[in-house]
Amino acid sequence: MLALSICLALLAALGNAGASVLQRQGAAATGTEPASARRGSWMAGLVHRRVWVWGAALLAVSGILQALALATGPLSVVQPVMSTELMFTLVVGGVVFRQRPDTRTRWAFAAMAVGLGVFLAMADPSGGRSTVPLADWGWTALGTGLFVAVMGVVSLRLSPAPRAAVLGTATATGFAVTAALLKDALGRVPDGIGAVFTTWQPYAAVGVGLASFVLLQVTLRAGSLVASQPALTLGDALLSVVLGVTLFAERVHLGWRVVFEVLALAVLVAGCVQLARSPLVTDDPERSGDRW
């Protein structure tokens with residue numbers, strides 16, 4: 001079952017990567033329209049663009065695959081495996097936008113991927129319960145809600161690339177909470193399908209997921225794909241490990257492994273810092289068109 005869960009998560013990651021690239025292309029095309037045509041209607045304009053609609057459809061398919069992965073594996077394994085979306089995005093984006101990342105950007109992506117991979121290998125999350133007590137959800141809703149609100153306020157004072165990264169972190173928080181809600185709902189399947197739909201979790205998952213989807217569009221419009229994608233992917237993965245431990249009581253190994261986990265996180269941060277200096281991140285997306 002764990003192998004099946006990992007395979008499903010990989011397919012979902014590939015779908016998410018394709019969806020992110022297609023929706024970024026649609027958002028960038030909308031950004032080239034006159035300001036008078038865009039004012040107050042940029043979201044409506046997106047749904048009339050075929051490339052954006054295909055991206056949305058692909059994202060829906062990825063959501064189904066992710067749900068199946070969550071139903072067969074731990075949250076703190078499924079979501080980090082989906083961080084391979086980072087590498088899939090690099091490949092898909094290079095094909096769609098017809099531009100290859102420079103060497104520095106490739107090393108930055110590699111550093112983030114290796115850092116995250118080593119961290120998860122050392123932490124080795126496992127076990128856990130299938131459902132979450134209501135009181136735990138209360139504290140989670142309060143904490144994540146305040147965090148997303150603060151990120152939104154901070155983003156208003158930033159230039160395009162940092163704004164996309166900050167909004168990407170907020171969006172990742174929403175998607176991680178959505179995955180946790182979905183897993184909690186699916187954990188009630190043994191009690192019957194009726195038990196799933198008579199609880200509040202699936203409806204909360206839909207609500208948070210839709211809100212995160214809208215925030216994703218704002219994120220993609222805020223700056224370049226390479227600025228937002230690392231925050232989206234890595235933020236989702238790392239927060240899911242935290243939610244897996246705090247909500248589902250999944251076990252994470254510490255002890256002597258802490259040294260290697262800290263080093264892995266340092267490599268991860270170094271990769272993010274290096275990526276922030278890349279021309280692909282600092283270029284203005286509206287000036288560079290569909291540049292990747």
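Note that this is a predicted model, so its numbers are computed, not measured.

Q: Report on the overall build of the chain, specifying residues and quantitative values.
A: Counting secondary structure elements, the chain contains 15 helices and 0 strands. Taking contacts inside the chain between residues at least 6 apart in sequence as the whole, the part at least 24 apart equals 84%. With an accessible surface of roughly 13700 Å², the chain has 70% of that area assigned to carbon and sulfur atoms.

Q: Residues and numbers for the nonpolar core, please.
A: Counting residues in hydrophobic clusters, the biggest one holds 23 residues, and the most contacted among them are Leu-75, Trp-137, Ala-180, Leu-243 and Leu-247. Listed by contribution, the elements that provide at least two residues to this core are α1 (2-31), α4 (50-72), α5 (75-81) and α9 (160-186). The leading source of residues in this core is α9, at 5 residues. If we ignore the near neighbours within four places in the chain, the residues touching Ala-180 are Leu-75, Trp-137, Leu-243, Leu-247 and Phe-248. In this structure, Leu-120, Ala-237, Val-241 and Ala-264 belong to the second largest nonpolar core, which totals 10 residues.

Q: Describe helix α7 (residues 103-123), naming the residues involved and giving the relevant values.
A: With 21 residues, α7 should reach 30 Å at 1.5 Å per residue; the first-to-last C-alpha distance of 30 Å fits that figure. Buried within α7 we find Thr-105, Ala-108, Phe-109, Ala-111, Met-112, Gly-115, Leu-116, Phe-119, Leu-120 and Ala-123. All buried residues of α7 lie within an arc of 155° about the axis, which places them on one face of the element. Turned more than 90 degrees away from the buried face of α7, the exposed residues are Thr-103, Trp-107 and Val-114.

Q: Account for the layout of surface pockets, with residues named and values stated.
A: Counted as a void, the largest pocket has a volume near 710 Å³. Contributing to the lining of the largest pocket are 28 residues, with Leu-59, Gly-63, Gln-66, Phe-175 and Thr-178 lying nearest its centre. Among the secondary structure elements, those contributing two or more residues to the lining of the largest pocket are α1, α4, α9, α11 (201-222) and α12 (225-246). The dominant element in the lining of the largest pocket, judged by the number of residues it contributes, is α11, at 7 residues. Among the residues forming the lining of the largest pocket, the class breakdown is 16 nonpolar, 10 polar and 2 charged.

Q: Now, about the confidence of the model for the chain: what can you tell me, with residues and values included?
A: When pLDDT drops low, the exact placement of atoms in the prediction is not to be read closely. Per-residue confidence for the chain gives a mean pLDDT of 80, with 82% of residues at or over 70. For the chain, the element scoring lowest by mean pLDDT is helix α15 (residues 285-288), at 41; helix α8 (residues 134-155) scores highest, at 93. Throughout residues 281-292 the model reports pLDDT below 50, and contacts reaching past four residues in sequence, or to other chains, amount to 29 contacts.

Q: With reference to specific residues and values, describe the packing of α4 against α11.
A: Two measures define how a pair of helices packs: the angle their axes make with one another and the distance between the axes. Two elements in contact, α4 and α11, have axes whose closest approach is 13 Å; the angle formed by their N-to-C orientations is 140°. With respect to α11, the axis of α4 lies oblique. The hand of the α4/α11 crossing is right-handed. For the pair α4 and α11, the contacting residues are Trp-52, Ala-56 and Leu-59 in the first and Phe-213, Leu-216 and Gln-217 in the second. Its residues assigned to classes, the contact of α4 with α11 shows 5 nonpolar, 1 polar and no charged.

Q: I'd like a description of the pattern of salt bridges, backed by residues and values.
A: If you walk through the whole model with that rule in mind, you get 2 salt bridges. A salt bridge links Arg-188 to Asp-184; the shortest N-O distance between them is 3.3 Å. Both residues of the pair, Arg-188 and Asp-184, count as buried.

Q: Which residues make up α9, and what values do they have?
A: Side chains of residues three or four places apart in an α-helix project in the same direction, reflecting 3.6 residues per turn. Taking 1.5 Å of rise per residue, the 27 residues of α9 would be expected to cover 39 Å, and the 38 Å separating its terminal C-alpha atoms lies within 8% of that figure. Of all the 27 residues making up α9, 19 are buried; the element is thus mostly covered by neighbouring parts of the structure.

Q: Got a sec to walk through the packing of aromatic side chains? Specific residues and values, please.
A: One pass over the full model with this rule turns up 2 aromatic pairs. Taking the centre distance of 6.0 Å and the plane angle of 85° together, the rings of Trp-137 and Trp-200 count as edge-to-face. A residue pair is termed long-range when its members are at least 10 positions apart, and Trp-137 in helix α8 and Trp-200 in the loop between α10 (193-197) and α11 qualify at 63 residues. Assessed through its relative accessible area of 36%, Trp-200 is described here as partly exposed. Ring centres 6.1 Å apart and planes at 85° place the aromatic pair Trp-256 and Phe-260 in the edge-to-face group. When its relative accessible area of 59% is taken as the criterion, Trp-256 is described as exposed. Geometry around Phe-248 places Lys-183 over its ring, the cationic atom sitting 6.0 Å from the centre.

Q: Provide a residue-level description of unusual backbone geometry, including the pertinent values.
A: The residue Ala-249 is not glycine, and still its phi comes out positive at about 55°. Within the element layout of this structure, Ala-249 appears in the loop between α12 and α13 (258-276). For Ala-249, a relative accessible area of 41% puts it in the partly exposed group.

Criteria and cut-off values
- Residues numbered from 1 in each chain as written.
- Predicted model: local features only at pLDDT ≥ 70, side-chain atom pairs only at ≥ 80, totals over all residues.
- Heavy atoms only, no water.
- Helix = DSSP H or I, 4+ residues; strand = E, 2+ residues; numbered from the N terminus.
- Contact = heavy atoms within 4.5 Å.
- Areas by Shrake-Rupley, 256 points an atom, 1.4 Å probe, with all protein chains shown as cover.
- Core = buried A, V, L, I, M, F, W, Y, C linked by side-chain atoms within 4.5 Å.
- Buried < 20%, exposed > 50% of the residue type's maximum accessible area, 1.4 Å probe, protein only.
- Expected span 1.5 Å × (residues − 1).
- Arc of directions from axis to C-beta.
- 1 Å grid on protein atoms, 1.4 Å probe; cavity = no way out; pocket = protein on both sides within 12 Å on 5 of 7 lines; lining within 4 Å.
- Points joined across faces, edges and corners; volume = space filled by probe spheres on them.
- Nonpolar A, V, L, I, M, F, W, Y, C, P; charged D, E, K, R; others polar.
- pLDDT = per-residue confidence, 0-100.
- Axes fitted to C-alpha atoms, helices over the stretch in contact; angles between N-to-C directions.
- Parallel < 35°, antiparallel > 145°, perpendicular 65-115°, else oblique.
- Left-handed = near helix turned anticlockwise from the far one by under 90°.
- Salt bridge = Lys/Arg side-chain N within 4 Å of Asp/Glu carboxyl O.
- Phe/Tyr/Trp six-rings, centres within 6.5 Å; stacked < 30°, edge-to-face > 60°.
- Lys NZ or Arg CZ within 6 Å of the ring centre and 35° of its normal.

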